[in-house]
Amino acid sequence: MLTTVAAGRVFDYSHCIGMYAMAGQGFWAPQDFVFGADGIIYVISRGQEEIGQRISKVSLDHEFLGQFGGFGSGDGQFIWPRSIDMDSDENLYASDENLHRITIFDKEGTFLNKWGTPGSGKGELNGPSGLAFDGEDNLFVVDSNNHRVQVFTKDGKFQTAWGKQGSGDGELDMPWGICLDRDGNVYVADWRNDRVQKFSADGQFLGKFGGPDLRVGELNRPSGVAVDSEGDVYVTDWNNHRLQVYGPDGAFVTTLVGDAQTPSPWTLTYIDANPDIIKARRRANMEPEWRFRRPVAVNVDAEDRIFVLESARARLQVYDKLKDYEEHSINL
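Overview of the structure. Counting from 1, residues in each chain are numbered in the order their sequence is written. Local features are withheld for residues below a pLDDT of 70 in this predicted model, meaning they are given only at 70 or higher, and side-chain atom pairs are given and counted only at 80 or more; totals for whole chains, interfaces and linings count all residues. Processing note: side-chain calculations cover all non-hydrogen atoms of the structure and skip hydrogens and water entirely.

Take the layout of surface pockets next. Using a probe with the size of a water molecule, rolled over the atoms, empty space left in the structure can be pinpointed. Approximately 970 Å³ is the volume attributed to the largest pocket. Of the two site types, the cavity is a set of points on a 1 Å grid over the protein atoms alone where a 1.4 Å probe fits but cannot get out, and the pocket is an open set with protein on both sides within 12 Å along at least five of seven lines, each lined by residues with an atom within 4 Å of a point. Around the largest pocket sit 42 residues that line it, and D85, F133, L180, N299 and V300 are the ones nearest its centre. Elements represented by at least two residues in the lining of the largest pocket include exactly β3 (30-35), β7 (81-86), β11 (128-133), β15 (178-180), β19 (222-227) and β23 (295-300). For the lining of the largest pocket, the class distribution of residues is 20 nonpolar, eleven polar and eleven charged. Around the second largest pocket sit 14 residues that line it, and M19, Y20, T267, R281 and E289 are the ones nearest its centre. Put simply, the parts of the chain that give the lining of the second largest pocket at least two residues each are α1 (265-272) and α2 (275-283). Grid points are joined across faces, edges and corners, and a volume is the space filled by probe spheres set on the points. Labels follow the DSSP assignment, with helices taken as runs of H or I lasting at least four residues and strands as runs of E lasting at least two, numbered in each case from the N terminus. Under this grouping Gly is polar, as are all residues other than the nonpolar Ala, Val, Leu, Ile, Met, Phe, Trp, Tyr, Cys and Pro and the charged Asp, Glu, Lys and Arg.

Attention now moves to the packing of aromatic side chains. To describe a pair of aromatic rings, one takes the distance between the centres and the angle between the planes. Classification of ring pairs rests on two measures: the distance between centres of Phe, Tyr or Trp rings, Trp counted by its six-membered ring, which must be within 6.5 Å, and the angle between planes, read as stacked under 30 degrees, edge-to-face over 60 and tilted in between. For the structure on display, the rule yields 20 aromatic pairs. A centroid spacing of 6.3 Å and a plane angle of 75 degrees characterise the contact between F199 and F205, whose relative ring orientation is edge-to-face. Taken together through their ring pairs, the aromatic side chains of F68, F78, F105 and F111 make up a single cluster. A ring is scored as having a charge over it whenever the NZ atom of a lysine or the CZ atom of an arginine sits within 6 Å of its centre and within 35 degrees of its normal. One Lys or Arg, R221, reaches over the ring of W191 and ends 5.0 Å from the middle of that ring. The ring of W238 has R294 lying over it, and the distance from NZ or CZ to the ring centre is 4.2 Å.

All right, on to the side chain of R305 then. Within the element layout of this structure, R305 appears in the loop between β23 and β24 (306-310). A polar side-chain atom of R305 sits 2.6 Å from a polar atom in the side chain of D301. When sequence neighbours within four positions are dropped, the list of residues in contact with R305 reads L60, N299, V300, V318, Y319 and D320. Polar contacts, as counted here, are pairs of nitrogen or oxygen atoms within 3.5 Å of one another; within protein the pair requires one atom able to donate a hydrogen and one able to accept it, and residues that are adjacent in sequence qualify only if both atoms are side-chain atoms. In what follows, residue pairs with any heavy atoms lying within 4.5 Å of each other are defined as contacts.

Looking now at the pairing of strand β2 (residues 9-17). Classification of residues uses two cut-offs on accessible area relative to the type maximum, computed with a 1.4 Å probe and protein chains only: under 20% is buried, over 50% is exposed, and between them is partly exposed. The buried fraction of β2 is high, at seven of nine residues. Any two strands between which DSSP finds at least two bridges are classified as paired. With four bridges joining them, strand β1 (residues 3-6) and β2 adopt antiparallel strand pairing. Within the sheet, the bridge partner assigned to T3 lies in β2 and is D12. Two successive antiparallel strands, β1 and β2, enclose a turn made up of two residues, where A7 displays a positive phi of approximately 50 degrees. One ladder, built from seven bridges, connects β2 with strand β25 (residues 315-322); its direction is antiparallel. Within β25, the position partnered with Y13 by the bridge is Y319.

Here, the term nonpolar core denotes a set of buried Ala, Val, Leu, Ile, Met, Phe, Trp, Tyr and Cys residues that are joined through side-chain atoms within 4.5 Å. Among the nonpolar cores identified, the biggest contains 18 residues, and F33, I41, V43, L309 and L316 are the most heavily contacted of them. Elements represented by at least two residues in this core include exactly β4 (40-45), β23, β24 and β25. Beyond its immediate sequence surroundings of up to four residues, L309 is in contact with P30, Q31, D32, F33, V43, R294, P295, V296, A297, R315 and L316. Y234, V300, I306 and V308 belong to the second-largest nonpolar core, a separate cluster that totals 17 residues.

Across the six residues of β7, six count as buried, placing the element largely inside the fold. Here β7 pairs with strand β8 (residues 92-96) via four bridges, running antiparallel. For D85, the partnering residue across the bridge sits in β8 and is Y93. Linking β7 to β8, which pair antiparallel, is a turn of five residues; within it E90 sits at a positive phi near 65 degrees.

Our next topic: a nonpolar patch on the surface. Exposure above 30% relative accessible area and the lack of any salt bridge qualify a residue for a patch; like charges then connect within 9 Å, and the nonpolar side chains Val, Leu, Ile, Met, Phe, Trp and Tyr within 5 Å. For the area figures, the Shrake-Rupley method with a 1.4 Å probe applies, and any residue is considered shielded solely by the protein chains shown. Whenever a carboxyl oxygen of Asp or Glu lies within 4 Å of a side-chain nitrogen of Lys or Arg, that contact is scored as a salt bridge. Together, Y20, M22 and I51 give the surface a local cluster of nonpolar side chains, amounting to about 290 Å² of exposed area. Secondary-structure assignment places I51 in the loop between β4 and β5 (54-59).

What follows concerns the sheet that holds β7. Here four strands make up an open sheet; going across it, the order is β7-β8-β9-β10 and the pairing antiparallel. At either margin of the open sheet sits one strand with a lone partner, and together these are β7 and β10 (111-115). Neighbouring strand axes in the sheet, compared pairwise and without regard to direction, differ in orientation by 20 degrees on average. Bridge analysis of β8 against strand β9 (residues 101-105) gives five bridges, and the strand direction is antiparallel. In the strand pairing of β9, D96 is matched with R101. For helices, the axis comes from a line fit to the C-alpha atoms of the stretch in contact; other axes are also lines fit to C-alpha atoms, and the angle between any two N-to-C directions lies between 0 and 180 degrees.

In space, the five strands of this open sheet follow the order β1-β2-β25-β24-β23, with antiparallel pairing throughout. This sheet does not close on itself; its edge strands, each paired only once, are β1 and β23. Each adjacent strand pair in this sheet contributes to an overall mean axis angle of 25 degrees, direction not counted.

Next up on the list: the environment of V245. Counting through the fold element by element, V245 comes out in strand β21 (residues 242-246). The class of V245 is buried, set by a relative accessible area of 0%. The sequence separation of V245 and K279 amounts to 34 residues, and the corresponding C-alpha distance is 37 Å. Those residues within four positions of V245 in sequence are excluded, and the remaining contacts are F11, V233, Y234, A251, F252, V253 and T254.

Laid out in structure tokens, this is it:
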């Protein structure tokens, strides 16, 4: 077990889920994921050109349960799928940057509805990205190319909007990921400003952290953000290939870089069936494969397990956060 200890917190690497696949069991340029009931995870893949766009349904136990969606502009199809979230009725909402719309499925993958109008006016969308529901089923949408956050009812009725392009407090520049904490505060991965900003539910600026640098605690194109039950904040530092961890006050805690020394069961099945690959892997330095490559999204489940999605390695790495951890004294 690989363990990271920092500032009174302990993160144990657990396992990874997934592998690269153009279709079927696996993901292709995955962008986001959401937890369903009973240990189900829905992963949305961007694919490439005109193939691979889909939502995959998998279990925490590595079971592939099917896929839905596909390339196109028709009902239930995608061009550039970006983000996914689930409402209280377990319906799935997916954003599409190219079609400037939100598509809705039930949990089995049946198309239900779609909404969204391209533009820059109130309620219009230009490259919608991150999605997050609040406790009342209002949907917060990162309207990336309009440099703002908009809030809708789940059937697409416009509620409010806030943000504008810029680098000042409360301003945004091509924002990407979004999440809400237990108090309803909103965190936005402000991608081109290399920071995360914290807002109240009505868009009042509350704070910021990160910054444009490679140094410890800084960010280079943050893509996803999540908050656990204790208020710790996790940010996928996309261009630095790492996960940054901050405390509730925005103070830097630690960095996770990926620890997948053992491939997923899906990948192992493929490796074990190919003797030449087994030999090649024995000769090679496999450490780069363990590490994050383009971490794109992060979520925390009800047990405060941290799931990090890598778009370039088509997998989820899972960490356990231990609570009430104590270092035993050693008598010398």
